[in-house]
There are 2 protein chains.
Amino acid sequence: MAGRISDSTPRQDGFRMPGEFEQQAGMWMLWPERNDNWRDGGKPAQEAFANVAKAIAAFEPVTVCVSAAQYQNCRAKLPPEIRVVEMSNDDAWIRDCGPTFVINDQGEIRGVDWEFNAWGGLYDGLYFPWANDDQVARKVCDIEGIDSYRTDGFVLEGGSIHADGEGTVLTTEMCLLSEGRNPHMTREQIETMLGDYLNAEKVIWIRDGIDPDETNGHIDDVACFICPGEVACIWTEDKNHPFYEAAQAAYETLAKATDAKGRKLKVHKLCLTKEPVYLKGADTIDAVEGTVPRENGEVCIASYMNFTIVNGGVIVPQYDDENDELALKQIAQMFPDRKVVGVSTKEVAYGGGNIHCITQQQPAPVVRG
Amino acid sequence: MAGRISDSTPRQDGFRMPGEFEQQAGMWMLWPERNDNWRDGGKPAQEAFANVAKAIAAFEPVTVCVSAAQYQNCRAKLPPEIRVVEMSNDDAWIRDCGPTFVINDQGEIRGVDWEFNAWGGLYDGLYFPWANDDQVARKVCDIEGIDSYRTDGFVLEGGSIHADGEGTVLTTEMCLLSEGRNPHMTREQIETMLGDYLNAEKVIWIRDGIDPDETNGHIDDVACFICPGEVACIWTEDKNHPFYEAAQAAYETLAKATDAKGRKLKVHKLCLTKEPVYLKGADTIDAVEGTVPRENGEVCIASYMNFTIVNGGVIVPQYDDENDELALKQIAQMFPDRKVVGVSTKEVAYGGGNIHCITQQQPAPVVRG
């Protein structure tokens, strides 16, 4: 069944958003191609995306969705064990435009199909139109034959939330209270929506993310759950680092926080790059009206936090930075039972995100006693 | 795995094309939309396709593939139990551009991805370009995660062949020896290709089909296997019927034929429409250069033989003709264990085919001892 549910919520129907660390059925990705976002015709980005897909495929099934125009090229660049399916898109951030999968205790899976407006719509979105992106969640659910909840009138991206699977959601005020998403709703109304659609009892609000301009501060560059009761948070003691203040403030908030079950969170520190990553090669990015232009020298949102968790592994961005190895080591300590794999993804950061932003995990149909 | 096999054949690898009467996993369709082929913006055809999809869905899973432009409309017109997936196409005949599925004794499924050239390519094809259609087979196999054999340099449509699953293939000379497909190959070389890719030992050649102009005489309007050793063949005693001569000749050929196992075929007669079906409403079909135009009053290829077999059922075209009921009765006698369901599909005939042409069955992964 691939029905459209608008008259009930996951909470009402007994579905919850699981933690990313729970068992997965596989991973979804999109293939990058926008010449007005990716430098050099998108070719370096495509290589990086392919390397991410291959790294994940060593742990679990991967499906890459791709426009008709790029289908043959994408198919040729990926090994046969990776599934490639045609899907129109406006850019390649399936974390944000794809479904947030929810699961019930019988192991049944559904999708939440949030309204998507390119990170701010006509207020401060990054491009127009975004109609193809907004259909990605439903199309993914349809391929899988699962029902989806559509939140018409409520805008959210998957990268702006993390869940512990036990009733706690992590997010930022900078994003969820932004003017370009749901300005008609109060903070309390937004908390109610998160509660209803993720089956959460408590929202932990961090004030700021590290990219006010692009995603308006997605949480997935700042902090995440490692397991129930434990989070990771970006950390630097370098006061000149562009993300110093946001990192310090986020750490402080998390260090004081308790979760839905009343547990005080254990907070693991994750380093930032030693040197900020600055955009290069922006002169090869097409100028298109309606798309926010990129410029050489702008600070890229290069965070090691933007890793993705897979079955038995963690796939971590690498930036050719002095701290690359330290990040891998710290993440290995957080996840002692998983293999930590670094993938060079500076080209993904050049386009505005990283490994977590370009992936969306589908939970395994696990039955809970 | 969704690999591309070009260095071996189904025969070499132990795969065979099963009969359509064997157990199926589900049915594939495409969604019609070409305004230069379908009258009234394709809306009557879409309704007919939807009715076919719903009739099949009562027996087995159905997937309908649709362009991005028509995705939302198609999704809205079909019930949620029918899977809808985005797929670029040039028209809606998945029997001809989709994969021919083959199976081995372990129940493993693969696809044969024949080269497709719109029924004759630049020689006498029906439209140009056909590049999207030619990718349909591979995309279907990729969604299913199965390997496919590509026959570069060998053109064939699924509607031009029928198999008994036990080494016999039925086809027409009019189509397979046509100038627009494989004019560089002899009849013997073509037989070898059919043998290698369908795992067949014997090809039964019928001379002519009933539509020399469109498909160059596809077998699926003329005859098919009901089970190993038994075929159905169109039949009329009305010398004025436009298909009289082709029907008589086909019957005569089949009545004399033996199959790969040396059995003399039992031939069941299936009536034609009492009155020919003439195209109406052609003035609402867009004129597009490169597409063969349709004209009011032309004889449509309306054959009851163009039914499709599903698990436990047979879905049969109905033309608002005096013989509609007789056709259902005759088919019910051929398939005593299946429910025979008629669907009004004159609108599909207006576009050049019928239920068999717009469907492609995927075999169930049955293990054979």
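None of the values given here were measured: they were computed from a predicted structure.

**Student:** It is not clear to me how the state of the cysteines should be interpreted in this structure. Could you clarify?
**Tutor:** What makes a disulfide is a covalent bond joining the sulfur atoms belonging to two cysteines. Considering all chains together, one arrives at zero disulfides over all chains under this definition. The cysteine Cys-227 of chain A is free of any disulfide, with Cys-224 of chain A supplying the nearest cysteine sulfur at 10 Å. Just so you know, Cys-233 of chain B is unpaired, no disulfide at all, and the nearest cysteine sulfur is the one on Cys-224 of chain B, 9.7 Å from it. Take Cys-233 of chain B: its relative accessible area is 0%, and that puts it in the buried class.

**Student:** Explanation requested: the relation of the copies chain B and chain A in the structure shown.
**Tutor:** Think of it as a corkscrew move, a rotation about one axis and a shift along it, taking one chain copy to the other. If you rotate chain B by 180° and push it 0.0 Å along the axis, it lands on chain A with an RMSD of 0.0 Å. Here the copies are linked by what is in effect a two-fold axis. Across chain B, the rotation axis passes nearest the C-alpha of Glu-86 of chain B, at a separation of 3.2 Å. Both copies share a contact surface, since 100% of the interface residues of chain B are interface residues in chain A too.

**Student:** Just to check I follow, could you spell out the interface of chain B and chain A for this structure?
**Tutor:** By convention, interface size is frequently given as the accessible area that disappears when the constituent parts associate. In this assembly, 21 residues from chain B lie in contact with 21 residues from chain A. A combined buried area of about 1900 Å² lies between chain B and chain A, and 49% of that area is made up of carbon and sulfur atoms. Of all residues in chain B, the largest losses of buried area upon contact with chain A belong to Tyr-71, Glu-86 and Asp-142 of chain B, amounting jointly to 29% of the total for that side. One can count four salt bridges joining chain B with chain A. Between Asp-142 of chain B and Arg-75 of chain A there is a salt bridge, with its nearest N and O atoms 2.8 Å apart. Summed over the shared surface of chain B and chain A, the result is 14 residue pairs in polar contact (both at pLDDT 80 or more). For the side of chain B that touches chain A, the secondary-structure elements that each account for two or more residues are helix 3 (71–77), strand 4 (83–86) and helix 6 (131–144) of chain B.

The rules behind each value
- Residues numbered from 1 in each chain as written.
- Chains lettered and ligands numbered in written order.
- Predicted model: local features only at pLDDT ≥ 70, side-chain atom pairs only at ≥ 80, totals over all residues.
- Heavy atoms only, no water.
- Disulfide = S-S within 2.5 Å.
- Buried < 20%, exposed > 50% of the residue type's maximum accessible area, 1.4 Å probe, protein only.
- Least-squares fit on C-alpha atoms with pLDDT ≥ 70 in both.
- Contact = heavy atoms within 4.5 Å.
- Buried area = accessible area lost by both parts, 1.4 Å probe.
- Salt bridge = Lys/Arg side-chain N within 4 Å of Asp/Glu carboxyl O.
- Polar contact = N/O pair within 3.5 Å; in protein donor to acceptor, adjacent residues only side chain to side chain.
- Helix = DSSP H or I, 4+ residues; strand = E, 2+ residues; numbered from the N terminus.

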